Amino acid sequence: MTTGADRLTADRARRLALVRVLLEQGRESVRDPAPFGALGLLPLHDAVEIFLHVAAEALGARVRDRTQFLPYFELIDAQLPTENPLAERSAMDRLNEARVGLKHRGLLPDHGDLAGHSEAVDRFFAHNVPLVFGRELTAISLVALVRDADVRKEMEDAERHLAADEFSAALEDAAVAVQRSLVRAGVTGPGDAPASPWASDPDVARAIAELEALITIQGLRIDDAAYRAFRTITPSVAFSRAGSAQIRWTGLSHPERDQVEVALQFATSLVLRVEDGLAGVERTYKRFGVVRVGNSLVTRHLLAHVGASPAAAEGQQQASEQGPEEMSQ
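Residues numbered from 1 in each chain as written. Predicted model: local features only at pLDDT ≥ 70, side-chain atom pairs only at ≥ 80, totals over all residues. Heavy atoms only, no water.

(A) Region of the structure containing the overall build of the protein. Within the protein one finds 14 helices and four strands. Restricting the contact set of the protein to residue pairs at least 6 apart, pairs at least 24 apart contribute 62%. Approximately 18300 Å² of the protein is accessible, and the part contributed by carbon and sulfur atoms is 51%. (Helix = DSSP H or I, 4+ residues; strand = E, 2+ residues; numbered from the N terminus. Contact = heavy atoms within 4.5 Å. Areas by Shrake-Rupley, 256 points an atom, 1.4 Å probe, with all protein chains shown as cover.)

What follows is the structure in structure tokens.
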């Protein structure tokens, strides 16, 4: 018999992580003053709808392309024990009616009803996620949404260390993941690139790298106070030219669980924002016919000229920047 754990594939975990994001957006939005709070119904409804689709798929329910919102309940219940169907169907019916009125007719729900809709959605997930997948929604990690495989693995390692009460190791993995994400977004730390003439001192180079990172996170609208707090309780990280992480502890040596939990939550949020910002940058490069090679930007024409080899393009780019005298040395 298939269990909840068996149903939670990597792809479904990613989609349920997205459900968590939408749920949190909805919770926050419905607290806004009228009329803006009404818009919170949209992410709340989307979160429920995505979950129903994922649950139907996991249970093997016979869903058609044009299956509407409420029929999902009947299709899913047919795959569940009779004594334990999906919960909160009537409440989700009311949510659906309010959402249709808002989205398709511009009808604002009573502001006093928004908190009730949000609470009903919380109850819906509290009962139904464990029913189908054998765990709470909060146990579905947002790390599943990280696109960079290396960074995702480091964050997954951090979560495993946290679960094993290995708090220092968890903070090390989180710090490496954050720094790797920033480096791949174009922020270079000590060891990633030749030091500037005015930054030959390692401490100065580290300070410059920290300033670059701070500018980057401010540009991504990440709370710089939270970033500074994160850096206070995590080790500093630099990468060798071979890509290995060099970790140096300078502050906290005996972290507590709640500190580590907050640090991992922040690291996940930061990495996702950096990736989203980097995706926008890369789309801009693509429109201009430019690609990133290492820490340099080159045109596709140059890449084709050297045989479409990024390594060769990087070498030629560096050679052209050195000038004829340095090239002959």
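(B) Region of the structure containing the packing of aromatic side chains. Tallied over the full model, the rule gives seven aromatic pairs. Taking the centre distance of 5.8 Å and the plane angle of 80° together, the rings of Phe 51 and Phe 125 count as edge-to-face. Taken together, the positions of Phe 51 in helix α3 (residues 41–59) and Phe 125 in helix α6 (residues 114–133) put the pair 74 residues apart, joining distant regions of the chain. Of the two residues, Phe 51 and Phe 125, neither departs from the other in class, the shared state being buried. Centre to centre, the rings of Phe 230 and Phe 266 are 5.6 Å apart; their planes meet at 45°, and the pair counts as tilted. Residue Phe 230 is found in helix α10 (residues 224–233), and its partner Phe 266 is found in helix α11 (residues 257–287); the two are separated by 36 residues along the sequence. Relative accessible area serves as the criterion here: at 3%, Phe 230 is assigned to the buried category. Residue classification places Phe 266 among the buried residues on the basis of a relative accessible area of 14%. An aromatic cluster is defined as three or more aromatic residues linked by ring pairs; in this entry it consists of Phe 51, Phe 69, Phe 73, Phe 124, Phe 125 and Phe 133. (Phe/Tyr/Trp six-rings, centres within 6.5 Å; stacked < 30°, edge-to-face > 60°. Buried < 20%, exposed > 50% of the residue type's maximum accessible area, 1.4 Å probe, protein only.)

(C) Spotlight on the side chain of Glu 275. Its place among the elements puts Glu 275 in helix α11. Despite its burial, Glu 275 pairs with no opposite charge; the closest candidate is Arg 147, at 4.2 Å N-O. Among all residues touching Glu 275, those that are not within four sequence positions of it are Leu 145, Val 146, Arg 147 and Asp 148. (Lys, Arg positive; Asp, Glu negative; His and termini not counted. Salt bridge = Lys/Arg side-chain N within 4 Å of Asp/Glu carboxyl O.)

(D) Spotlight on the packing of α3 against α6. Packing of α3 against α6 leaves a shortest axis separation of 11 Å and a crossing angle of 15°. When the axis of α3 is compared with that of α6, the two are roughly parallel. The element α3 and its partner α6 pack so that their crossing is left-handed. On α6, the residues touching Leu 41, Leu 44, Ala 47, Val 48, Phe 51, Leu 52, Val 54, Ala 55, Ala 58 and Leu 59 of α3 are Leu 114, His 117, Ser 118, Val 121, Phe 124, Phe 125, Asn 128, Val 129, Val 132 and Phe 133. Among the residues forming the contact of α3 with α6, the class breakdown is 17 nonpolar, three polar and no charged. (Axes fitted to C-alpha atoms, helices over the stretch in contact; angles between N-to-C directions. Parallel < 35°, antiparallel > 145°, perpendicular 65-115°, else oblique. Left-handed = near helix turned anticlockwise from the far one by under 90°. Nonpolar A, V, L, I, M, F, W, Y, C, P; charged D, E, K, R; others polar.)

(E) Molecular detail of helix α8 (residues 167–184). With 18 residues, α8 should reach 26 Å at 1.5 Å per residue; the first-to-last C-alpha distance of 26 Å fits that figure. Burial analysis of α8 places 14 of its 18 residues in the buried class, which makes it a mostly covered element. (Expected span 1.5 Å × (residues − 1).)

(F) Expanded view of the environment of Arg 31. Secondary-structure assignment places Arg 31 in the loop between α2 (10–29) and α3. Classification of Arg 31 by relative accessible area gives exposed; the value is 62%. At a separation of 3.5 Å, a polar atom in the side chain of Arg 31 contacts the main-chain carbonyl oxygen of Arg 27. (Polar contact = N/O pair within 3.5 Å; in protein donor to acceptor, adjacent residues only side chain to side chain.)

(G) Just the nonpolar core, in detail. Ranked by internal contacts, the top residues of the largest apolar core, which has 44 residues, are Val 48, Phe 51, Leu 52, Met 92 and Phe 125. At the level of secondary structure, the elements contributing two or more residues to this core comprise α2, α3, α4 (71–77), α5 (89–105) and α6. Looking at this core, the element that brings in the most residues is α3, giving eleven residues. Apart from residues no more than four positions distant in its own chain, Met 92 is found in contact with Val 48, Phe 69, Phe 73, Ala 120, Val 121 and Phe 124. Among the nonpolar cores identified, the runner-up in size contains 25 residues, and Ala 170, Val 178, Phe 230 and Val 274 belong to it. (Core = buried A, V, L, I, M, F, W, Y, C linked by side-chain atoms within 4.5 Å.)

(H) Inspection of the pairing of strand β1 (residues 236–239) at higher detail. Burial along β1 is two-sided: the residues Ser 236 and Ala 238 and Val 237 and Phe 239 are all buried. Two successive antiparallel strands, β1 and strand β2 (residues 245–248), enclose a turn made up of five residues, where Gly 243 displays a positive phi of approximately 95°. (Pairing = 2+ DSSP bridges.)

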